[in-house]
Amino acid sequence: MRIASNTVTDTILNQLQQGSINQSNLQTQISTGLRISQPSDDPSAYGRVLIYQTSQREVAQYAKNAATALAVSQATYAGLQSVNAVADRAGELAVLGASTLGATSMQSYAVEVNQLIEQAVQIGNTKYNNNYLFAGTAVDSPPFTATRDADGRITGVTYGGNSSQTSIPLSAGSQVSPSTTGATNTGIETFITQLIALRDALNSGDTSAVNATQAGLTDSGNLIISAIAETGGVQTRIEAAQSDLQSRSATLDTLISNEDSTDITTAVVKLSQAQTAYQAALASASQVMNTSLLDYLQ
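About the thresholds
Residues numbered from 1 in each chain as written. Predicted model: local features only at pLDDT ≥ 70, side-chain atom pairs only at ≥ 80, totals over all residues. Heavy atoms only, no water. Helix = DSSP H or I, 4+ residues; strand = E, 2+ residues; numbered from the N terminus. Buried < 20%, exposed > 50% of the residue type's maximum accessible area, 1.4 Å probe, protein only. Contact = heavy atoms within 4.5 Å. Pairing = 2+ DSSP bridges. Salt bridge = Lys/Arg side-chain N within 4 Å of Asp/Glu carboxyl O. Core = buried A, V, L, I, M, F, W, Y, C linked by side-chain atoms within 4.5 Å.

Turning to the overall build of the chain, a few remarks are in order. Within the chain, the secondary structure is distributed over seven helices and six strands. Beginning at the N terminus, the succession of helices and strands in the chain can be written as α-α-α-β-β-β-β-β-β-α-α-α-α. A buried classification covers 33% of the 298 residues belonging to the chain. Contacts in the chain between residues far apart in sequence, at least 24 positions, make up 72% of those at least 6 positions apart.

Given below as structure tokens:
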């Protein structure tokens, strides 16, 4: 059978080209540490890597959500702790005011309670990341509006937020609300109203009226403590979700690495073999392509 010389030449050139491509691919794998740089390198593995990377992006977004939720929850927790400190001191002053025998002492307690009222309103209108913490989802406006008398003292407070809570997804099947409930927010309003009643009773020197405020202050204190405990539980949930997300991210990293990473030792050996084969092919091609019809006529 007669084989055209150009067919032999084309075959040799194709083999040399493929050898050069193999070397280039191996050199790229060694330099980058990646086995797959394009779908044709391993279509099945490339498809799995795409799936893992999509899952990894989802996990990264949930991790950002968890970080945001935790920060809001921590700010809320700190705010509630401050309200609780006000409630504790108000309870002490109510006990002292109910047992005192002098109007002067009661009025001095009233001055301190007045400061506690101002402090409670300020805490109630706390902002985090430019959003009001105790406003439900109506985060753009101060939730607690104070009414003042001619002397500038707060005589009443109105809650202007709502009872909704923002939900932040931590996974495809779970979410968390890091802010306080509507009941807690309106409870703060009630607590401030009770502080106003305590101050006014102290100013009037009416020990019976002072004593009457204690039960309401105790109820408000219990509500705040319950809200603190609930917020702490939310933080625990978020931290557990963060741990799970970190574990999932590490697992996906491993799966991607198993599919995509190059075994450097094996790649170096293959590159050496490919280079040796390429040099041998070059030598062989040189001999074949230098042979002409005159060589056969001699």
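After presenting the structure, the write-up continues.
A few words now on the pairing of strand E3 (residues 144-148). Remark: a regular strand shows side chains that alternate across the two faces of the sheet. Relative to strand E4 (residues 154-159), E3 is paired through five bridges, and the arrangement is antiparallel. Residue pairing for E4: Thr145 is matched across the bridge by Thr158. Between the antiparallel neighbours E3 and E4 lie five residues, among them Gly152 with a positive phi of about 85 degrees.

Evaluation of the coordinates by the stated rule reveals five salt bridges. As a salt-bridge pair, Glu118 and Arg148 come within 2.7 Å of each other at their nearest N and O atoms. One end of the pair, Glu118, is in helix H3 (residues 103-124); the other, Arg148, is in strand E3, with 30 residues separating them in the sequence. The exposure class assigned to Arg148 is partly exposed, which follows from its relative accessible area of 44%. For Asp200, the salt bridge goes to Arg199, with nearest N and O atoms at 3.1 Å. Classification of Asp200 by relative accessible area gives partly exposed; the value is 36%.

Here we take up the nonpolar core. Membership of the largest hydrophobic core comes to 36 residues, with the highest contact counts inside it found for Val86, Ile117, Phe191, Ile192, Leu195, Leu198 and Leu202. Of all the secondary-structure elements, those providing two or more residues to this core are helix H2 (43-99), H3, E4, helix H4 (182-204) and helix H5 (207-260). Counting residues per element, this core draws most heavily on H2, at nine residues. In contact with Leu202, other than residues within four places in its own chain, are Gly97, Met106, Gln107, Tyr109, Ala110, Val113 and Val210. Formed by 16 residues, the second largest nonpolar core is a distinct cluster that contains Tyr52, Ala66, Ala241 and Leu245.

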